[in-house]
Amino acid sequence: MSEHFKGKFEAELKYHLQNPENFINELKKAGATLFTPENKETDWYMEHDNTEFSAPTISLCVRKMHPAGINLLIVKGPDLSQCEAVRIEDAEKTVSIFTTLGYHCILNYTKSREIYFLDKFHITIDKLDKLGSFAEFAIMTDDPSKLPLYIDQLRHLAAKFGFTDKNLEKKNYKTLMLNNLKS
């Protein structure tokens, strides 16, 4: 995977995005390069009855990216900035293995995602049915002491594109999707 995705911790700011096409044009004008064109990412969030994964800050996710052909096993949490991923061969087989071990899928959805690189940052544009579009500004690191600095840099970068704290979404997609299913 790209150097952009190496590290145990992720500084990330997610914003509601009203007009993805305009934002993409502004990204290109700023010199951003497209890493992955419109991918479909299918996520399976797995939990076990004997774990505390129901906490909103912890998740075990199997992800299939198409047409990129990348499959990942992702663990986020318990700290909001912790995020580790490893490539796997077969997403569906991995879900089956976890099911055999007593896990069950609490949430499965597919989103559309494009990833851009702008300097040391990666910016994703996500479209999720029933939730809308989002822009995520992020950077990975192995040094947790850099997270406050990176958050400030991300906030400054996002402001250059017109994003403010009123557009900020603090909940992760897992929580947003589960809340949407309840309503």
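Residues numbered from 1 in each chain as written. Predicted model: local features only at pLDDT ≥ 70, side-chain atom pairs only at ≥ 80, totals over all residues. Heavy atoms only, no water.

- The name an unreviewed UniProt entry gives the chain is Class IV adenylate cyclase, with Proteus faecis as the organism.

**Remarks on the packing of aromatic side chains**
Next, step 1: Counted by the stated rule, this structure contains 11 aromatic pairs.
Next, step 2: Judged by centre distance (4.7 Å) and plane angle (25 degrees), the rings of Phe35 and Phe117 are stacked. Placement of Phe35 in strand S2 (residues 33-48) and of Phe117 in strand S6 (residues 103-118) is noted, with a sequence separation of 82 residues between them.
Next, step 3: According to the relative accessible area criterion, Phe117 is buried, its value standing at 12%.
Next, step 4: Residues Phe98 and Tyr103 carry aromatic rings whose centres are separated by 5.1 Å and whose planes lie at 80 degrees to one another, so their mutual orientation is edge-to-face.
Next, step 5: Its end group placed over the ring of Tyr173, Lys14 keeps NZ or CZ at 3.9 Å from the ring centre. (Phe/Tyr/Trp six-rings, centres within 6.5 Å; stacked < 30°, edge-to-face > 60°. Helix = DSSP H or I, 4+ residues; strand = E, 2+ residues; numbered from the N terminus. Buried < 20%, exposed > 50% of the residue type's maximum accessible area, 1.4 Å probe, protein only. Lys NZ or Arg CZ within 6 Å of the ring centre and 35° of its normal.)

**Regarding the nonpolar core**
Next, step 1: Counting 25 residues, the largest nonpolar core has Phe23, Leu27, Phe137, Phe161 and Phe163 as its most contacted members.
Next, step 2: Going through the elements one at a time, strand S1 (9-17), helix H1 (20-29), S6, strand S7 (121-128), strand S8 (132-141) and helix H3 (147-160) are the ones with two or more residues in this core.
Next, step 3: Not counting the four nearest positions on each side in its chain, Phe23 is found in contact with Leu17, Ile123, Ile125, Ala135, Phe137, Phe161 and Phe163. (Core = buried A, V, L, I, M, F, W, Y, C linked by side-chain atoms within 4.5 Å. Contact = heavy atoms within 4.5 Å.)

**A short note on the side chain of Asn71**
Next, step 1: Along the chain, Asn71 falls in strand S4 (residues 70-76).
Next, step 2: At 3.1 Å, the side chain of Asn71 forms a polar contact with the backbone oxygen of Glu89.
Next, step 3: Contact partners of Asn71, with chain neighbours within four places excluded, come to Arg63, Lys64, Met65, Val86, Arg87, Ile88, Glu89, Asp90 and Ala91. (Polar contact = N/O pair within 3.5 Å; in protein donor to acceptor, adjacent residues only side chain to side chain.)

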